[in-house]
Amino acid sequence: MAEFDRAATGGRVAAAAVRVRRAFVEERFGAAAVERYLGAVSPQLRSLLGGAVDPDAWVDFRWFVEANVQLDTLFGDGDLALVRDAGHFAALHNAGVWRSMFEKGVDPPKFVEIAGGLWHKHYDSGALVRTVVAPEVVHMEIRSMPRPHRAHCLSVVGWIEGVFELRPGATIIVDELSCRASGGATCELRLGWAS
Ligand SMILES: [Zn+2]
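Draft legend 1. Structural view of the overall build of the chain. Regarding its fold elements, the chain presents nine helices and six strands. Expected size for 195 residues packed as a compact globule is a radius of gyration near 16 Å; at 16 Å, the chain falls within 12% of this value. The principal-axis extents of the C-alpha atoms in the chain amount to approximately 50 × 35 × 35 Å. The buried share of the chain, taken over its 195 residues, is 39%. Nonlocal contacts in the chain, meaning residues at least 24 apart in sequence, comprise 65% of its contacts between residues at least 6 apart.

Draft legend 2. Quick peek at the domain arrangement of the chain. Its domain assignment divides the chain into domain 1 (12–91) and domain 2 (105–192). Of note, the centres of domain 1 and domain 2, computed from C-alpha atoms alone, are 21 Å apart. Residue assignment for the side of domain 1 that touches domain 2 shows that the elements contributing at least two residues are strand 1 (12–14), helix 4 (61–75) and helix 5 (81–93). With nine residues, the single largest contributor to the side of domain 1 that touches domain 2 is helix 5. Of the residues that constitute the side of domain 1 that touches domain 2, the class distribution is 14 nonpolar, three polar and three charged.

Draft legend 3. The arrangement of the sheet that holds strand 3 (residues 127–134) in detail. Strands sit in the order 3-4-6-5 across an open sheet of four strands; the sheet is antiparallel. Both outer strands of the open sheet, strand 3 and strand 5 (173–178), are each paired with one neighbouring strand and no more. Taken over all neighbouring pairs, the strand axes of this sheet differ in orientation by 25 degrees on average, direction set aside. Here five bridges tie strand 5 to strand 6 (residues 188–192), and the two strands are oriented antiparallel to one another. By the bridge assignment for strand 6, Glu176 is matched with Leu189. In the packing of helix 7 (residues 108–117) onto the sheet, contacts are made with strand 3, strand 4 (137–143) and strand 6, and the angle to strand 3 comes to roughly 165 degrees.

About the criteria used
Residues numbered from 1 in each chain as written. Predicted model: local features only at pLDDT ≥ 70, side-chain atom pairs only at ≥ 80, totals over all residues. Helix = DSSP H or I, 4+ residues; strand = E, 2+ residues; numbered from the N terminus. Rg over C-alpha atoms; globule rule 2.2 N^0.38 Å. Buried ≥ 20, exposed ≤ 12 C-beta atoms within 10 Å, placed from the backbone. Contact = placed C-beta atoms within 7 Å. Domains from an automatic or database assignment. Nonpolar A, V, L, I, M, F, W, Y, C, P; charged D, E, K, R; others polar. Pairing = 2+ DSSP bridges. Axes fitted to C-alpha atoms, helices over the stretch in contact; angles between N-to-C directions.

If you want it as structure tokens, here you go:
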């Protein structure tokens, strides 16, 4: 993969994971909003969102944070709720592979394990670790992110909520149990569902 910023110390993210935020703004708020968005972000992020960076490139994690915080500042209520929606959108944006897993009967614990195994396609640091705690309850921990941020954890929560909409049957409930960015010792989520 190409390097966008070799000096990144807070971890890096696949450029495509940042770019999809632009697609979210366009779908939810329209083309004029995209222009506003591009006008508000830093020049480096603007070039990334504008397509100047290979989607397979690794970019500094802070661009991911800025892209999310800025869309919430401009189009949301400043509480990062819209970041959760953007994560939800990202899950459904390229959903074919996830849908086919559910069609093959992959159950939620297995699905979360597979998603955790793909973590490093999106982030070059940290890990998504899952523990089955009951027949229909799974805990997930976002572990060892160098720079935990609410925008990232909420994005992951939204992604999980979105991707599980592809699963036939009952809704999955995602609860955040703790977050390092909010002073917690860990970043932990609980997934519950009915078979
Ligand atoms: Zn967190």
